[in-house]
Amino acid sequence: MSRIETLIGDMTLAEKLGQLTMTAAGHTVTGPVIAGDSTEAIRAGTIGNLLNLVGAAPVREMQRLAVEESRLGIPLLIGLDVVHGHRTLFPVPLAEAGLFDPQIWERTARAAAAAAAADGLAMTFAPMLDVARDPRWGRGVEGPGEDPWLGARFAEAKVRGFQGASLGAADALAAVAKHYCAYGAVCAGRDYASVDISERTLHEVYLPPFAAAVAAGVAAVMPAFTDLAGMPMTAHAGLLRDCLRGRLGFDGVIVSDYNAIAELVRHGVAADLVEAASLALAAGVDIDMMSNAYRGALPAALGRGLVTMAQIDAAVRRVLDLKQRLGLFDDPYRRGATPERAEALAARRRLARAVGARAIVMLKNERATLPLAAPLRRLAIVGPLSSPEADMRGPWWAAGEVQDQVGVVAGFRAALPAAEILQAAGVAIESEDTHGMAEALQLCGAADAIILCLGEAAAMSGEAACRAHLGLPGRQRQFAHAVLEQARARGKPVVVLLFSGRPLVVPWLFEQADAVLAVWFLGSEAGHAIADVVTGAVSPSARTAISWPRAVGQIPIFFGQRRGGRPADPKDHYTSKYLDLPNEPQFAFGHGLTYGHFTLSNLRVTPPLVTPGEALQIQVDVVNDGARAAQETLFLFVHDKVASLARPLLELRGFERITLAPGERGSVRFLLPAPELRILGPDLTPVFEPGEIEILVGPCAERARLLVETIRLSA
Ligand code: NOJ
C-alpha cells in the first residue's frame with residue numbers, strides 16, 4: 001500500500017479533518033502565534049495547514065511540531081499570498097501584465113517563489129486570474145487585466161514560474177489559481193457582491209485563464225467568495241466538480257477562501273455550519289481556510305448522513321498527495337534550510353528595477369517633455385506620493401519591509417547625484433487639509449523641472465478596496481491645478497507620476513499635463529525604475545492591460561464588445577452612444593507611448609484560405625522613425641465577421657515586441673494556429689465556422705490604428 005493509503009488507514013476522523021483545515025498564523029516579537037492558539041492542535045494533528053506565517057525560523061518551528069510531535073508526523077502545508085514578490089516586491093500584476101512578456105512574468109514568479117521557499121513556505125495563493133473590466137473593483141490590481149486570452153498566457157507563465165520544473169524542488173511553491181470564477185464581474189464593481197453573467201460570458205471570458213492554469217499543471221485552485229446567479233462558488237458543484245475537475249481535468253487541491261465555507265450560511269444556502277461544510281465538501285473543496293467548518297462540523301454532517309467518509313477520504317488523499325508532490329514527506333525542512341545568498345538578493349533587486357521600469361506606461365508626452373533634458377540642477381518632487389515608501393509596495397506586500405522600498409525621492413537622488421532634490425507633499429493623499437500647498441508651490445518655483453506625484457494609496461486598491469469615484473482623492477486635483485498652472489506660466493516642465501491600482505478617471509489631468517506616466521505600484525525598486533524612465537536611461541515600453549475610461553459612467557468598458565444592431569453613428573440619433581460622452585475610452589487597451597515612433601506597413605497574411613489543420617503566417621513591417629531607440633509592442637486581433645452568434649469586434653490572439661534603433665526597420669511575425677479561430681458554438685463547445693475572418697495588427701485596441709487583412713476559414 002502507498003504511504004498515503006497507509007496513512008489514511010491509520011488516521012482518526014479528527015486527524016483527517018486536520019488535514020482539511022488551514023489556520024492563520026502570525027508572528028510577533030515573542031514568536032509565532034496562531035489563531036485561537038492552535039499549537040496544541042498541530043501537535044494533536046488536528047490542524048494540518050497554515051497560512052500567513054512569515055520567516056524561516058517560525059515556519060521551521062511549526063513544522064517541527066507537526067513532524068516530530070504529532071502522532072503521525074504529517075508535515076504542514078504552509079502558504080502565504082506571494083502575489084508579486086516576497087521580500088523584494090515586483091510591480092503589481094496589473095502593471096506587470098502590461099509588459100506583454102511571458103518570459104518576464106515567469107521570471108518574477110520564479111524569483112518570488114525562490115524567496116518565499118527560502119522562508120520555508122510551500123504554497124502561494126497566486127496567481128490571481130480574474131478578468132477585470134470594472135476599475136471600481138479594487139481587486140483588478142491583483143490580476144492581468146481585461147482580456148481572457150492575455151489572462152490565459154499570464155496564467156501559464158505564472159504557474160510555470162511559481163512551480164518551477166518540479167514541485168518537489170526546494171525553491172518551488174504550489175501555485176493556487178484564484179478566484180474561481182467570474183469574481184471580476186461583481187455587481188457594480190463592489191467587492192464580494194453577487195455575480196450574474198451569461199453562460200457564454202462565463203465560458204468565453206472568465207474561464208479561459210483558469211483552463212490555462214490547469215493545463216499548465218497548477219497545484220491548487222481557490223473558489224471565489226462570490227455567488228454566481230445565486231450559487232456561491234464555494235458550494236458550486238457544477239463549476240468545481242463537473243467543470244473544473246471533470247471537464248478541465250483538474251486533479252489538484254481546492255482550497256477555500258478565508259472563512260468562505262462559514263459564509264455559505266450568510267449567503268443563505270446553508271442553514272448552519274454543518275450544512276455549509278457538507279455543501280463545500282460535496283462540491284469538491286478540500287481545504288477549509290479559516291472557517292473551522294470541516295473540523296467543527298463535518299463530524300455532525302457524517303452523523304446526519306450529509307457527507308460520507310469516502311468524500312472525506314478523497315479530499316484527504318488530494319491534500320496528502322500535494323504534500324507528497326511538494327517533497328514535504330521526504331524532507332519537510334528542505335524549504336527554508338539555507339538562507340539565500342547575497343548575490344540572489346542583489347539579482348532579485350536588479351530584476352525588480354528592470355521590470356519596474358518596463359511596467360511604466362507613458363500615457364502622454366507632449367512637447368517631448370520626457371525624457372527630462374539634462375542637466376538638471378534643481379528638481380522639485382512634490383505631491384502626496386512623493387514620500388511614502390510603504391505605498392510603493394502595492395496592496396500585497398507579503399514579507400516586503402517598508403525600509404527596503406525605494407521611493408521616488410531616493411530614486412532621483414541616486415540617479416541625479418549632482419542635482420539638488422527638493423521635496424514637499426503639498427497635500428495628503430486623502431485629507432482636505434491644504435496648508436502645505438504654498439510651500440510645495442514655492443519649491444516648484446525654485447526648480448528647473450517638477451515631478452508631480454499623484455494618485456491613490458496602496459490600500460485604495462486590492463481586497464475590499466472598491467471606489468465609486470475614480471478621480472484623485474482628497475485635494476489632489478486642486479493641488480495639481482495650482483502646480484500645473486504655475487509651471488505653465490513659468491515655462492517649466494512637469495512630469496506627472498500617477499500611482500494607482502486601477503485606471504484613474506482624470507480626463508482634466510490628461511488635458512492639462514504634458515507628460516503623464518502611469519506608475520501603478522512598482523514594488524521595491526519603484527524609485528529607481530521611475531528615475532530610469534524619466535531621465536531617459538530606459539525608454540518606456542509598457543501598455544495598459546485594461547481600457548482606461550474617461551468617466552465612471554462608461555464602466556464596464558473593454559475592447560471585446562460586440563457591435564450590436566445599431567453601432568454608434570454620430571449622424572444617427574438612434575444608435576448606441578452617450579449623449580454626453582464619446583464611447584471610446586480615454587486610452588485603449590494596449591495604449592502606451594515610447595521614446596521612439598513607430599510606423600507599420602505591409603501586413604501579409606498567408607494562406608488566404610486556411611483549413612482547420614493549418615496555421616496562419618502573419619507578418620508586418622515596422623520602422624522606428626523616431627529619434628531614440630525603443631521597444632514597440634504589437635497586438636494581433638481577429639474578428640469573425642459573420643458567425644452563428646455575433647462575435648466581439650476584436651479578439652486578442654497574440655502580442656509580440658520588437659526593439660529598433662532610430663531609423664531602423666524590422667518585421668514582426670505571428671503564427672496563428674487555425675484552432676485559435678474557433679468560436680464557442682451555440683452549445684458552448686469549440687467549432688470551426690467557415691467564412692471570412694479579419695486579421696488585425698497594430699499598437700493597441702483602437703480599430704482605426706490597426707492594419708487589416710481578410711482571410712477565409714474553410715471547414
Ligand atoms: C482573502 C483573499 O480573497 C484571497 O485572495 C487570499 O488568498 C486569502 N484572503 C488569504 O490571504
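Calculation notes
- Residues numbered from 1 in each chain as written.
- Predicted model: local features only at pLDDT ≥ 70, side-chain atom pairs only at ≥ 80, totals over all residues.
- Heavy atoms only, no water.
- Salt bridge = Lys/Arg side-chain N within 4 Å of Asp/Glu carboxyl O.
- Helix = DSSP H or I, 4+ residues; strand = E, 2+ residues; numbered from the N terminus.
- Buried < 20%, exposed > 50% of the residue type's maximum accessible area, 1.4 Å probe, protein only.
- Phe/Tyr/Trp six-rings, centres within 6.5 Å; stacked < 30°, edge-to-face > 60°.
- Lys NZ or Arg CZ within 6 Å of the ring centre and 35° of its normal.
- 1 Å grid on protein atoms, 1.4 Å probe; cavity = no way out; pocket = protein on both sides within 12 Å on 5 of 7 lines; lining within 4 Å.
- Points joined across faces, edges and corners; volume = space filled by probe spheres on them.
- Axes fitted to C-alpha atoms, helices over the stretch in contact; angles between N-to-C directions.
- Left-handed = near helix turned anticlockwise from the far one by under 90°.
- Contact = heavy atoms within 4.5 Å.
- Nonpolar A, V, L, I, M, F, W, Y, C, P; charged D, E, K, R; others polar.
- Near = heavy atom within 4 Å.
- Polar contact = N/O pair within 3.5 Å; in protein donor to acceptor, adjacent residues only side chain to side chain.
- Areas by Shrake-Rupley, 256 points an atom, 1.4 Å probe, with all protein chains shown as cover.
- Domains from an automatic or database assignment.
- Buried area = accessible area lost by both parts, 1.4 Å probe.
- Arc of directions from axis to C-beta.
- Parallel < 35°, antiparallel > 145°, perpendicular 65-115°, else oblique.
- Pairing = 2+ DSSP bridges.

## A word on the pattern of salt bridges
Two side chains carrying opposite charge are able to pair once their charged atoms lie near each other. Scanning all chains against the criterion turns up 43 salt bridges. Residue Arg87 pairs with Asp119 through a salt bridge whose shortest N-O separation is 2.6 Å. You can see Arg87 sitting in the loop between strand S4 (77-80) and helix H5 (93-97) and its partner Asp119 sitting in the loop between helix H6 (102-118) and strand S5 (123-124), a full 32 residues away along the chain. Its relative accessible area of 34% is what places Arg87 among the partly exposed residues. A residue is classified by how much of its surface remains accessible, and Asp119, at 9% relative accessible area, is buried. Asp272 is paired through a salt bridge with Arg304; the nearest N and O atoms lie 2.9 Å apart. A residue pair is termed long-range when its members are at least 10 positions apart, and Asp272 in the loop between helix H11 (263-267) and helix H12 (273-283) and Arg304 in helix H13 (residues 293-304) qualify at 32 residues. Of the residues examined, Arg304 reaches a relative accessible area of 46% and is grouped as partly exposed. Connected through salt bridges with shared partners, the residues Arg200, Glu204, Arg562, Arg647, Glu651, Arg653 and Glu676 form a single ionic network.

## Remarks on the packing of aromatic side chains
Within this structure, the stated rule accounts for 17 aromatic pairs. With a centroid separation of 4.7 Å and an interplanar angle of 45 degrees, the aromatic rings of Phe559 and Phe589 are classed as tilted. With a gap of 30 residues between them, Phe559 in the loop between helix H21 (526-534) and strand S18 (598-606) and Phe589 in the loop between H21 and S18 connect regions that are remote in the sequence. Phe589 shares its class with Phe559; the two are buried. Here a set of aromatic residues connected by ring pairs shows up, and it is made of Phe100, Trp105, Trp149, Phe154, Phe559, Phe589, Phe635, Phe637 and Phe655. The residue whose ring lies beneath Arg133 is Phe558, and the NZ or CZ to ring-centre distance is 4.0 Å. Seen from the ring of Trp397, Arg393 lies directly overhead, with NZ or CZ sitting 4.1 Å from the centre.

## Some remarks on the layout of surface pockets
Estimated volume of the largest pocket: approximately 1200 Å³. The wall of the largest pocket is formed by 50 residues, among which Pro148, His203, Glu204, Val205 and Pro208 lie closest to the centre. Contributions of two or more residues to the lining of the largest pocket are made by helix H7 (148-163), helix H8 (199-206), helix H9 (208-215), strand S22 (651-660) and strand S24 (679-680). The calculated volume of the second largest pocket comes to roughly 920 Å³.

## Quick word on the packing of H6 against H7
A pair of packed helices can be characterised by two numbers: the angle between their axes and the separation between those axes. Between H6 and H7, the least distance of the axes is 7 Å, while the angle of their chain directions is 35 degrees. Seen from above, H6 lies across H7 with right-handed handedness. Residues Pro102, Trp105, Glu106, Thr108, Ala109, Arg110, Ala112 and Ala113 of H6 lie in contact with H7, whose contacting residues are Leu150, Arg153, Phe154, Ala157, Lys158, Arg160, Gly161, Phe162 and Gln163. Its residues assigned to classes, the contact of H6 with H7 shows nine nonpolar, three polar and five charged.

## Section: the site of the ligand
In the neighbourhood of the ligand, the contacting residues comprise Leu51, Asp81, Phe125, Arg139, Lys178, His179, Met222, Phe225, Asp257, Tyr258, Met289 and Glu463. In the model, an oxygen atom of the ligand is placed 2.7 Å from a nitrogen or oxygen of the Arg139 side chain. Within the contact set of the ligand, an oxygen atom lies 2.8 Å away from a side-chain nitrogen or oxygen of Lys178. When the free accessible area of the ligand is taken as 300 Å², the share hidden by the protein chains comes to 95%. By residue class, the composition of the shell around the ligand is six nonpolar, one polar and five charged.

## Overview of the domain arrangement of the protein
Segmenting the protein into domains produces domain 1 (78-286 + 293-323), domain 2 (357-540) and domain 3 (598-713). Each of domain 1 and domain 2 has a C-alpha centre, and the two are 34 Å apart. Counting residues at the interface gives 30 residues for domain 1, matched by 28 residues for domain 2. In total, domain 1 and domain 2 occlude about 2300 Å² of area from one another, counting both sides; carbon and sulfur atoms represent 61% of this. When the buried surface of domain 1 facing domain 2 is broken down by residue, Leu89, Pro135 and Arg136 rank first, second and third, together holding 23% of it. Inspection of the domain 1/domain 2 interface yields two salt bridges. Residue Arg139 pairs with Glu463 through a salt bridge whose shortest N-O separation is 3.9 Å. Here domain 1 is connected to domain 2 by 13 residue pairs in polar contact (both at pLDDT 80 or more). When its residues are assigned to classes, the side of domain 1 that touches domain 2 shows 16 nonpolar, six polar and eight charged.

## Comments concerning helix H17 (residues 408-415)
Along H17, the residues that are buried comprise Val408, Val409, Gly411 and Phe412. Summarising the axial view, the buried residues of H17 lie within an arc of 160 degrees, below the 170-degree limit, and thus occupy one face. The secondary structure elements touched by the buried residues of H17 are strand S13 (378-382), helix H16 (389-392), strand S14 (420-424), strand S15 (449-455), strand S16 (494-499) and H21.

## Things to note about the packing of H8 against H9
Relative to each other, H8 and H9 sit at 50 degrees, their axes nearing to 5 Å. Comparing their axes, H9 and H8 come out oblique. The residues of H9 that touch H8, namely those facing Leu202, His203, Glu204, Val205 and Tyr206, are Pro208, Pro209 and Phe210. In terms of residue class, the contact of H8 with H9 is made up of six nonpolar, one polar and one charged.

## A closer look at the sheet that holds strand S20 (residues 615-624)
One open sheet accounts for three strands, arranged S18-S20-S23; its pairing is antiparallel. Each having just a single partner strand, S18 and strand S23 (665-673) make up the two edges of the open sheet. Neighbour-to-neighbour, the strand axes of the sheet open up by a mean angle of 20 degrees, direction not taken into account. Taken together, the seven bridges between S18 and S20 define a ladder with antiparallel strand orientation. In the strand pairing of S20, Phe598 is matched with Asn624.

## Some words on the side chain of Ser461
Looking at the secondary structure, you find Ser461 in the loop between S15 and helix H19 (476-490). Once residues within four sequence positions are removed from consideration, Ser461 is found in contact with Gly138, Val141, Pro395, Glu456, Gly501, Arg502 and Phe521.

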